Amino acid sequence: MRWVLADSWTIARRTFLHWRMQPGLVVFTWFFPVLMLLLFGGLLGGAMASDASYYELLVPGIFALAMLFGLEGTMTAVATDVSKGVTDRFRSLPMSSAAVVLGRCIADLLDSVVTLAVLVATGLVLGWRWHEGLPSALAAFGLLLLLRFALLWVGIFIGLSVKNAQSVTVVQVLVWPIGFLSSTFVATSTMPDWLGTIAQWNPLSATATAARELFGNPDPSSTATWIGEHAGTAAVIAPLLLTAIFLPLSAHRYRTLSR
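Residues numbered from 1 in each chain as written. Predicted model: local features only at pLDDT ≥ 70, side-chain atom pairs only at ≥ 80, totals over all residues. Heavy atoms only, no water.

Asks: Just to check I follow, could you spell out the packing of aromatic side chains for this structure?
Replies: What characterises a pair of aromatic rings is the spacing of the ring centres plus the angle enclosed by the ring planes. For the structure on display, the rule yields 18 aromatic pairs. Ring geometry for F32 and F69: centres 5.9 Å apart, planes at 50°, overall tilted. Of this pair, F32 sits in helix α2 (residues 23–44) while F69 sits in helix α3 (residues 54–83), and the two are 37 residues apart along the sequence. Ring geometry for F141 and F215: centres 5.3 Å apart, planes at 65°, overall edge-to-face. Of this pair, F141 sits in helix α6 (residues 134–161) while F215 sits in helix α9 (residues 203–215), placing them 74 residues apart in sequence. Residue F215 is classed as buried on the basis of its relative accessible area, which comes to 0%. Feature note: the residues F28, F32, F40, F69, W176, F180 and F185 constitute an aromatic cluster, connected by ring pairs. (Phe/Tyr/Trp six-rings, centres within 6.5 Å; stacked < 30°, edge-to-face > 60°. Helix = DSSP H or I, 4+ residues; strand = E, 2+ residues; numbered from the N terminus. Buried < 20%, exposed > 50% of the residue type's maximum accessible area, 1.4 Å probe, protein only.)

The structure is reproduced here in structure tokens:
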């Protein structure tokens, strides 16, 4: 296990060095969710005005959406390494077979921590606050990172499975409907019943709703349906289920990779 962790950290450091050589790209990934927050806050804030600030609903939703959008960078990076033969070179070295995928996971998870920190700072400037104390807020951030951890394995598996980095573009298109068909921007109770049901069962909605509850931010979706009332449980079970499925698939795909 010591060698697994040491090799994984080596791979993670490689990713950090790549980011240092591409600072513009890294900064863009950190601030793109901020752009989404400002854009939708400005576009929908007036129409969604109520007794509570729209940012109380929107900011936790953007937190969850940022965890999903990170999937695109993971898929592209993994697919690029495979197509260029870098992954095959790693497989030929005397290192843990789990280190390559685990190292990527560590690096991207730390990147997500920075993204959340930038979003929190922006939300506080815009007037968003959490109201249930620091322990509850940390629990909400833990749920967000748990979702990110699960989605990382989905991204790693897809990156190992596609033919080249260009093929990832096709998959990336699907990320947007998944992100928007949720309670990220509006409460699912405002949607038609059939659409609201689909959106409510989106794991992204479960995490967003659970985070709002822990932050003390109002969310009409939390009492609209059974899944809304049990969002905290769903926000734990759904990521664990995704991890249980895609982590072994990623490991198997890496071991049997042939290009």
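Asks: Before we go on, may I ask you to explain a nonpolar patch on the surface in this structure?
Replies: A grouping of W9, L110 and V113 is seen on the molecular surface, where their side chains present a nonpolar patch of about 270 Å² in accessible area. Checked against the element boundaries, W9 lands in helix α1 (residues 2–21). (Patch = residues over 30% accessible without salt bridge, like charges linked within 9 Å, V, L, I, M, F, W, Y side chains within 5 Å. Areas by Shrake-Rupley, 256 points an atom, 1.4 Å probe, with all protein chains shown as cover. Salt bridge = Lys/Arg side-chain N within 4 Å of Asp/Glu carboxyl O.)

Asks: Before we go on, may I ask you to explain the packing of α3 against helix α7 (residues 168–180) in this structure?
Replies: When two helices pack together, you describe them by how their axes are tilted relative to each other and by the distance separating the axes. Packing of α3 against α7 brings their axes to within 10 Å, and their N-to-C directions diverge by 175°. As the angle between them shows, α3 and α7 are arranged roughly antiparallel. Across the interface between the two elements, L65, L68, F69, L71, E72, M75, T76 and A79 of α3 pack against V168, V171, Q172, V175, W176, I178 and G179 of α7. Counted by class, the contact of α3 with α7 contains 11 nonpolar, three polar and one charged residues. (Axes fitted to C-alpha atoms, helices over the stretch in contact; angles between N-to-C directions. Parallel < 35°, antiparallel > 145°, perpendicular 65-115°, else oblique. Contact = heavy atoms within 4.5 Å. Nonpolar A, V, L, I, M, F, W, Y, C, P; charged D, E, K, R; others polar.)

Asks: So what exactly am I meant to see when it comes to the pattern of salt bridges here?
Replies: A side chain of one charge can pair with a side chain of the opposite charge if their charged atoms are brought near each other. For the structure on display, the rule yields three salt bridges. Here D81 ties to R14 by a salt bridge, and the two come within 3.0 Å at their closest N and O atoms. Here the residue D81 occupies a position in helix α3, and R14 occupies one in helix α1, the gap between them amounting to 67 residues. Both residues of the pair, D81 and R14, belong to the buried class. One salt bridge connects D108 with R104, and the closest N-O pair in it is separated by 3.0 Å. Of this pair, D108 and R104 both sit in helix α5 (residues 99–126), four residues apart, roughly one helical turn. An identical accessibility class is assigned to D108 and R104; each is buried.

Asks: Before we go on, may I ask you to explain α7 in this structure?
Replies: Two residues of an α-helix separated by three or four positions point the same way, owing to the 3.6 residues in each turn. Of all the residues in α7, the buried ones are V168, Q172, V175 and G179. Summarising the axial view, the buried residues of α7 lie within an arc of 45°, below the 170-degree limit, and thus occupy one face. Those residues of α7 that are exposed and angled more than 90 degrees off the buried face are V170, V173 and L174. Buried-residue contacts for α7 involve α3 and α9. (Arc of directions from axis to C-beta.)

Asks: In this structure, what is going on with the environment of L138? I would like to understand it.
Replies: Take L138: it is sitting in helix α6. What makes L138 exposed here is its relative accessible area of 52%. The sequence separation of L138 and F215 amounts to 77 residues, and the corresponding C-alpha distance is 9.1 Å.

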